[in-house]
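An overview of the molecular structure
Next come the chains, spelled out residue by residue.
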Amino acid sequence: MTFDSNAFLIIFTGSLIAISCGMLGVFLMLRKMSMTGDAISHAVLPGIVIGFFVSGSQRSLEVILGAGLLGILATLMIDWLRKKARVQLDASIGITFTLLFAIGIILINLFAYKVDLDQECVLYGEIAYLPIDLWITKSGLNLGPRITWLAGLNFFFVSGFIYLLFKELTLTSFDESFGSVIGIPSKGINLALMSMVSYTTVSSFESVGAILVVALLVVPPATAFLWTKSLIPLLKVTVILGVLISFFGYYLAYWLDSSIAGMMVTVAGLFFGASVLLNRKRNSSKSGTSPLPQSFGI
Amino acid sequence: MEDFVYFFTFQDPSILWVVLGITLLGIGSAYVGTFSFLDKKALLGDAISHAVLPGICLGFILAGEKNPVYIVTGAFVSGGIATFLSTWLKRNTKLSEDAIIATILSVFFGIGIVMLTALQKSGNPEIAGLNTFIFGNAIGISEKDLMLYGGLALFIILVLTFFLKEFRLMVFDREFGDSIGFPMKSISFSFNVLMILAVVIGIQAIGVVLMAALLITPGSAARFWTDRLGTLLILAALFSVISGVMGTYISFVLPQMPTGPWVVVFLSLIALISFLFSPKSGMLFRFFARKKYLRKTHREHLLKALYKALEEGRKSLPIEEIYELYPYHKPQTQSGIKDLKQNNYINQNQEFIELSQSGISEAMRIVRLHRLWELYLNESMNIAPDHVHDSAEQLEHLLTPELEALLEKRLNYPALDPHQETIPRDRP
């Protein structure tokens, strides 16, 4: 088997995306906000479309700004619906993301003749075209695929964010009130996390699609959680899973000739399923069958 | 406008069919959605609706064409697997519910996307129809599809109506249902079946991604208008039918527009209106009710202050002294004084304010309630006299005449409160 530079690039980029998403996802999961992450990744769509429409290109700052703003807007809207309008949490998440996503789809159809952005691209992205989409400077210097650079930048920001705010993130995830008492602005931290999630969604949406980002946000952390309960190993296992997912995802997709992003998610699902089954065995052999909860004898 | 008339007079029989279909479908999913909303399982519907995609693709592969029976069966099976997995995982792992739902949703959708792209590359010309499942296209539904989907929707509506009592028990008090011998497990199970069915038929019109809105939004919007289950169901169905027909109309006028997003936009609009403007629980109403209540309490505090001055032997208070009693609340105090003057509770003489005859009896009522409550807390609740004031400060605005009579009777028409102050009463 020879070294295939295209395959390497795709797997490398996929890993970067999966790792950035996974690390943020760990904190989302610990805060029981996995569905909020799902909502945000749907909700950034109108921001992307408007940014795209204003600037005329996918690679502009406007797109990232628009998506970031929409991500924060979605978080605030969920919060507003829950606290001010007193809608229960699951319903406020459902209403928010469906409305914003619907607006996004309408905008795409409205601007369809002006922007080169279609529903399929938004849904499942195309990481396969990555090696031909090169970033060439004005002087003609070829710097390699653009999306890889984007993913790298995103990875850099996400790991910097987690490294710098590790203490704050951990504290507010486990004990929000204690964090507030010792002076950590838990709301600010929460909003910062949400904007990182939206930024990650935007920089990944071209390659894996806005919806499949959710899978990378949620599934690796959930799988890792089945194996370990402490935070640092949780992050490590998530990172390893991210790399494995993109490696096997690429080759399986290549072999079956289908969407790489979709296959990455399928592989993630397989890892998850295997972990559930293995852990079930491990737990039951360790402790025997768990005792049934006692009912009240009358 | 011509389109509007053409569409809503149903001159075209196919439009009539589509509208009929979307009406049945909207009612069905609104019914199911309202129950799942009340059961706090709204997002399970989202997971199911994403999870039917692989089943749809499988049905397509097996049938080789867009055969509604195959597709509905496939979707039903994969939706069922997803529902089963979510309850199984909840029981057998320590993952939180939202992580489980998000995992199932994204993994199933990912598998669906893999199958969809593989199908697209196979070059089958029929494949174009499959894309409509992602965002829905009500106009594209053929009459044959409609019979199946409409029939299923009718089935859901009938089952939910006939077994309303059982499903009501499931949502509101499962333990009670168990204890009086209803098979709650089978009821839950059949509800899950109905939910999957609703999703399966709903995605035709609204698409996989946005189906959650059709389940969640009508119920939560209707919840703002009523507390009764029957009314709730009817309202939810009405909201969803209105949005469904409007969405269909938009994709009739602008054929490139998918139906789903527009249905969702109309639904959300109705929901927003409900959140803001509904009487009793709408935000606007609650805002004004709170304002009104605050004004009332401030008025009563003013009366009390004047009465206390009267007890100390001062018939009137200078207006500046009243302002100083409530620092930083001068505007509120001013409007309170204005209100009291309009009710003839107080008279203003130059810069001095004194209670009128009716003002004195109103002030006495409030002070009486305050002191009665203090005495009640002290005597019947064994709370120390220096701890009773704050509670009385709130309850004095809320105690009704009936409660007052009850307190008087319980305490045997006392003369003094725990602080040895007279409990004032009107002498007949």
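Predicted model only: the values in this text are computed from it and were never measured. (Residues numbered from 1 in each chain as written. Chains lettered and ligands numbered in written order. Predicted model: local features only at pLDDT ≥ 70, side-chain atom pairs only at ≥ 80, totals over all residues.)

Points about the overall build of chain A
Along its length, chain A carries 13 helices and 2 strands. Considering chain A as a whole, with its 298 residues, one finds that 52% of them fall into the buried category. (Helix = DSSP H or I, 4+ residues; strand = E, 2+ residues; numbered from the N terminus. Buried ≥ 20, exposed ≤ 12 C-beta atoms within 10 Å, placed from the backbone.)

Some remarks on the packing of helix H7 (residues 143-162) of chain B against helix H10 (residues 184-206) of chain B
Residues and elements named next belong to chain B. At a minimum axis distance of 10 Å, the contact between H7 and H10 shows a crossing angle of 145°. When you trace H7 past H10, the crossing you get is left-handed. Packed against H7, whose contacting residues are Asp145, Tyr149, Leu152, Ala153, Ile156, Val159 and Leu160, the element H10 presents Leu194, Leu197, Ala198, Ile201 and Gln204 at the interface. Broken down by class, the residue content of the contact of H7 with H10 amounts to 10 nonpolar, 1 polar and 1 charged. (Axes fitted to C-alpha atoms, helices over the stretch in contact; angles between N-to-C directions. Left-handed = near helix turned anticlockwise from the far one by under 90°. Contact = placed C-beta atoms within 7 Å. Nonpolar A, V, L, I, M, F, W, Y, C, P; charged D, E, K, R; others polar.)

Some remarks on the interface of chain B and chain A
Between chain B and chain A, the residue contacts involve 47 residues of the former and 48 residues of the latter. Elements with a minimum of two residues in the side of chain B that touches chain A: helix H3 (42-63), helix H4 (68-92), helix H5 (97-122), helix H6 (132-135), helix H11 (211-222) and helix H13 (259-277) of chain B. Among the elements that make up the side of chain B that touches chain A, the one with the highest residue count is H5 of chain B (16 residues). When its residues are assigned to classes, the side of chain B that touches chain A shows 31 nonpolar, 12 polar and 4 charged.

Looking at the environment of Lys292 of chain B
Residues and elements named next belong to chain B. As for its position among the elements, Lys292 is in helix H14 (residues 283-311). The exposed category is assigned to Lys292, around which 10 C-beta atoms lie within 10 Å. Counting along the chain gives 104 residues from Lys292 to Ser188, while the straight-line C-alpha distance between them is 45 Å.

Re the confidence of the model for chain A
All names here are of chain A. Overall, the prediction assigns chain A a mean pLDDT of 79, with 80% of residues at 70 or greater. When mean pLDDT is taken per element in chain A, helix H12 (residues 231-256) scores highest with 88 and helix H6 (residues 119-124) scores lowest with 61. Residue range residues 286-298 is modelled with pLDDT below 50. Its contacts to residues more than four positions away, or to other chains, number 1 contact. (pLDDT = per-residue confidence, 0-100.)

Section: unusual backbone geometry
For Lys32 of chain A, which is not glycine, the phi torsion reads 55° and is therefore positive. Following the sequence through the fold, Lys32 of chain A ends up in the loop between helix H1 (5-30) and helix H2 (34-43). The phi dihedral of Lys40 of chain B falls on the positive side, at around 55°, and the residue is not glycine. Assignment of secondary structure puts Lys40 of chain B in the loop between helix H2 (13-38) and H3.

What to know about the nonpolar core
Grouped together as the largest cluster of nonpolar side chains are 190 residues, with contacts concentrated most on Ala43, Leu216 and Ala268 of chain A together with Tyr31, Val52, Ile156 and Val200 of chain B. Excluding residues within four positions of it along the chain, Ala43 of chain A makes contact with Leu70, Gly71, Ala74, Thr96, Phe97, Leu100 and Phe101 of chain A. If you look at the next biggest cluster of nonpolar residues, it comprises 12 residues, including Leu302, Leu340, Ile353 and Ala363 of chain B. (Core = buried A, V, L, I, M, F, W, Y, C linked by C-beta atoms within 7 Å.)

Re the packing of helix H4 (residues 61-83) of chain A against helix H5 (residues 89-110) of chain A
In a packed pair of helices, the relevant descriptors are the angle between the two axes and the axis-to-axis distance. Residues and elements named next belong to chain A. Remark: H4 packs on H5, axes separated minimally by 9 Å, with the N-to-C direction vectors making an angle of 145°. Pair H4 / H5 crosses with right-handed handedness. Each of Leu70, Ala74, Met77, Ile78, Leu81 and Arg82 in H4 lies in contact with H5, whose residues at this interface are Leu89, Ser92, Ile93, Ile95, Thr96, Phe97 and Leu100. Classifying every residue of the contact of H4 with H5 gives 10 nonpolar, 2 polar and 1 charged.

Some points on the pairing of strand E2 (residues 346-349) of chain B
Residue and element names in this part refer to chain B. By the bridge criterion, 4 bridges tie E2 to strand E3 (residues 352-355) in an arrangement that is antiparallel. Looking across to E3, one finds that Ile346 is bridged to Leu355. If you look at the hairpin formed by E2 and E3, you'll find 2 residues sitting between the two strands, and Gln350 has a positive phi there, around 55°. (Pairing = 2+ DSSP bridges.)

Regarding the pairing of E3 of chain B
Residue and element names in this part refer to chain B. Burial of E3 is one-sided: the residues Ile353 and Leu355 facing one way are buried, the residues Phe352 and Glu354 facing the other way are not. Both strand E1 (residues 316-318) and E3 contribute to a ladder of 3 bridges, which runs antiparallel. Its bridge partner being in E3, Ser316 is matched across the sheet by Glu354.

Considering the sheet that holds E2 of chain B
Residue and element names in this part refer to chain B. Judged by pairing direction, the sheet is antiparallel, and its 3 strands sit side by side in the order E1-E3-E2 without closing on themselves. Edge positions in the sheet fall to E1 and E2, since each has one partner strand and no second. The mean angle between the axes of side-by-side strands here comes to 25°, regardless of whether they run parallel or antiparallel. Against the sheet, H14 touches E1, E2 and E3, its axis set at about 85° to E3.

Section: H5 of chain B
For H5 of chain B, built from 26 residues, the straight-helix expectation of 38 Å at 1.5 Å per residue is met to within 8% by its first-to-last C-alpha distance of 38 Å. Counting buried positions along H5 of chain B yields 20 of 26 residues, so the element is predominantly enclosed. (Expected span 1.5 Å × (residues − 1).)

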